[in-house]
Amino acid sequence: MEKHYRKAFYFGFLQFVYMCYYWGGLIYFPYFFKQSGVSDARIGLLISLISLTILALVVPIGIMLDRISPKYFFLIGALVGAAFPLLFLFKNIPKFFELYILIFGVAVALLQIAISALFLKEMGEDSRGGQSAIFSIGDIMGAGIGSELGGLCLKHFGLDGLFWMMLGFAGLLLMVGLALPKVRGIAFHISEYKEDLKHPLSWILIFIVLMVASHAGFEYAGYTLLQTEVIGLNTAQVGRLFLYISISMSIVTYLVGELNDRIKKQVLLCGIALVISGIFQAASGYAHGFNDFLILRILHTTGDSTFFLLIYVMASLAFTRKRAGGSWALIAMVRNAGIFLFANLGGIINQNYGFPQGFLVSGIILVLAGAFVLVWLRPKFQHQSDVGS
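Only a predicted model underlies this, so the values are computations on that prediction, with no experimental measurement involved.

Observations concerning the packing of aromatic side chains
Scanning the entire structure with this criterion turns up 32 aromatic pairs. Seen in terms of ring centroids, Tyr18 and Tyr22 are 5.6 Å apart; in terms of plane orientation they differ by 5°. Their pairing is stacked. Residue Tyr18 and its partner Tyr22 are located together in helix α1 (residues 2-26), separated by four residues, close to a single helical turn. Residue class for Tyr22 comes out buried when judged on its relative accessible area of 5%. Measuring from centroid to centroid gives 5.3 Å for Phe372 and Trp376, while their planes differ by 20°, and the two rings are stacked. Of the two residues, Phe372 and Trp376 both sit in helix α13 (residues 355-382), four residues apart, roughly one turn of that helix. Owing to a relative accessible area of 35%, Phe372 belongs among the partly exposed residues under this scheme. We classify Trp376 as partly exposed; its relative accessible area is 43%. Among the aromatic residues, those joined into a cluster by ring pairs are Tyr18, Tyr21, Tyr22, Phe29, Phe32, Phe33, Phe84, Phe88, Phe97, Tyr100, Phe104 and Phe163.

Some details on empty space enclosed by the protein
For the structure on display, the rule yields three cavities of 30 Å³ or more. A volume near 700 Å³ is recorded for the largest cavity. Contributing elements (two or more residues each) for the lining of the largest cavity: α1, α5 (97-122), α6 (128-177), α8 (202-231), α9 (235-263), α11 (289-318) and α12 (324-352). Here the lining of the largest cavity is built from residues that sort into 21 nonpolar, seven polar and five charged.

Here's the deal with the pattern of salt bridges
Tallied over the entire structure, the rule returns six salt bridges. Lys7 serves as the salt-bridge partner of Glu122, at 2.6 Å between the closest nitrogen and oxygen. Separated by 115 residues along the polypeptide, Glu122 in helix α5 and Lys7 in helix α1 bring together distant segments of the chain. The exposure class of Lys7 is partly exposed, given its relative accessible area of 26%. The residue Arg42 makes a salt bridge to Glu98 at a minimum N-O spacing of 2.8 Å. Linking Arg42 in helix α3 (residues 40-65) with Glu98 in helix α5, this pair joins segments that are 56 residues apart in sequence. When its relative accessible area of 25% is taken as the criterion, Arg42 is described as partly exposed.

Things to note about the side chain of His300
Inspection of the secondary structure puts His300 in helix α11. Taking the relative accessible area as the measure of exposure, His300 reaches 0% and is therefore buried. For His300, the contacting residues outside a window of four places in its chain are His215, Glu219, Ser277, Phe280, Gln281 and Leu366.

Focus: a nonpolar patch on the surface
Residues Tyr244, Ile247, Ile251, Tyr254 and Leu255 make up a contiguous nonpolar surface patch of roughly 500 Å² in combined accessible area. Assignment of secondary structure puts Ile251 in helix α9.

Considerations on the nonpolar core
Tyr22, Phe29 and Phe33 are the most contacted members of the largest nonpolar core, which totals 122 residues. When residues of this core are assigned to their parent elements, the largest contribution, 16 residues, is made by α6.

Remarks on the environment of Val209
Along the chain, Val209 turns up in helix α8. Classification of Val209 as buried rests on a relative accessible area of 4%. Separated by 53 residues in the primary sequence, Val209 and His156 have C-alpha atoms spaced 37 Å apart. Excluding residues within four positions of it along the chain, Val209 makes contact with Ile311, Ile331, Val334 and Arg335.

Regarding the state of the cysteines
All told, the structure shown has zero disulfides when counted by the stated rule. Just so you know, Cys153 is unpaired, no disulfide at all, and the nearest cysteine sulfur is the one on Cys20, 11 Å from it.

Here we look at the packing of α3 against α8
For the pair α3 and α8, interaxial distance at closest approach is 9 Å and the crossing angle is 130°. If you check the angle between α3 and α8, you find them oblique. Contact with α3, carried on its side by Asp40, Ile43, Gly44 and Ile47, involves Tyr220, Ala221 and Leu225 of α8 and no other residues of that element. Its residues assigned to classes, the contact of α3 with α8 shows five nonpolar, one polar and one charged.

Conventions we followed
Residues numbered from 1 in each chain as written. Predicted model: local features only at pLDDT ≥ 70, side-chain atom pairs only at ≥ 80, totals over all residues. Heavy atoms only, no water. Phe/Tyr/Trp six-rings, centres within 6.5 Å; stacked < 30°, edge-to-face > 60°. Helix = DSSP H or I, 4+ residues; strand = E, 2+ residues; numbered from the N terminus. Buried < 20%, exposed > 50% of the residue type's maximum accessible area, 1.4 Å probe, protein only. 1 Å grid on protein atoms, 1.4 Å probe; cavity = no way out; pocket = protein on both sides within 12 Å on 5 of 7 lines; lining within 4 Å. Points joined across faces, edges and corners; volume = space filled by probe spheres on them. Nonpolar A, V, L, I, M, F, W, Y, C, P; charged D, E, K, R; others polar. Salt bridge = Lys/Arg side-chain N within 4 Å of Asp/Glu carboxyl O. Contact = heavy atoms within 4.5 Å. Patch = residues over 30% accessible without salt bridge, like charges linked within 9 Å, V, L, I, M, F, W, Y side chains within 5 Å. Areas by Shrake-Rupley, 256 points an atom, 1.4 Å probe, with all protein chains shown as cover. Core = buried A, V, L, I, M, F, W, Y, C linked by side-chain atoms within 4.5 Å. Disulfide = S-S within 2.5 Å. Axes fitted to C-alpha atoms, helices over the stretch in contact; angles between N-to-C directions. Parallel < 35°, antiparallel > 145°, perpendicular 65-115°, else oblique.

This is the structure:
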């Protein structure tokens, strides 16, 4: 068990660095585009292109990951990730923003799938909740510290500072990724992936991931602009707020990991988490000031922390280890399809009705999804498996 926890800490640190790069930049992209004179609707389109690019790439990448060591894909992703900020630093042309974003999407697809697939392939059979908690905390704290550093770079060094920060984290990813294990690929027929879809948790997992993606899409299109244009925060406060939120999310993630290893009721917990997340997502759009928004987001992310952790646990239970790359790619495809759809919807709502209304719609979707999981999905699948009941 100690060996598996050591691996979990390594993958957690790798995920931490990746999220510093990814979220530390992504959260400020809408602000950057707004400063460049881009409309709210185009901002939604630009952000959604990231998910569209990942959507097109994840399945072929995932299938290849099961046959070739994911380490090589990760290292290529780190190199492409380093090329992205260089484009903004030395060739910042507004009409090429869509092309720049496509390059970012390629880097994210390679890095995201490689890390998650390797983690699932290396996860031990016992204490899945504890191992997933370590990995998820790396994810959460990377987002928090990355957003804090991004806000400070914007405040003190301007927009160029943000992209130099991303370049630094891409270089760190490359160095840390050299220690990734070379997991040997296994040849098997592509039709075997359908076996994972026969597990009673698979379709529940797919639905939950799609609903989680819906609120991510809305947030990607309007989260920073809600804070800066409606609530009146500056970019440094945006980063600081997310850092505080990430600390609270890490605590909740640890507690949920321990709870999962004791009661093993992933579907029930996910349904409750979706309802909690949705209620406070809807309320977040109507916050007044830093402290009010912070409290609402901490309550909202209590739900987020729960289902983010349990998604990894359910994936490890539903997917066979040798097929983890392709099977997780299916989850990533669903997630990014949802983000693409709802980021565009969010951009349209934000432009025509305002950012608070976008968050209200997003929250209502989550509450309805949570009720659907609790009332229909959980009882329907309870008789098929003790896991997830």
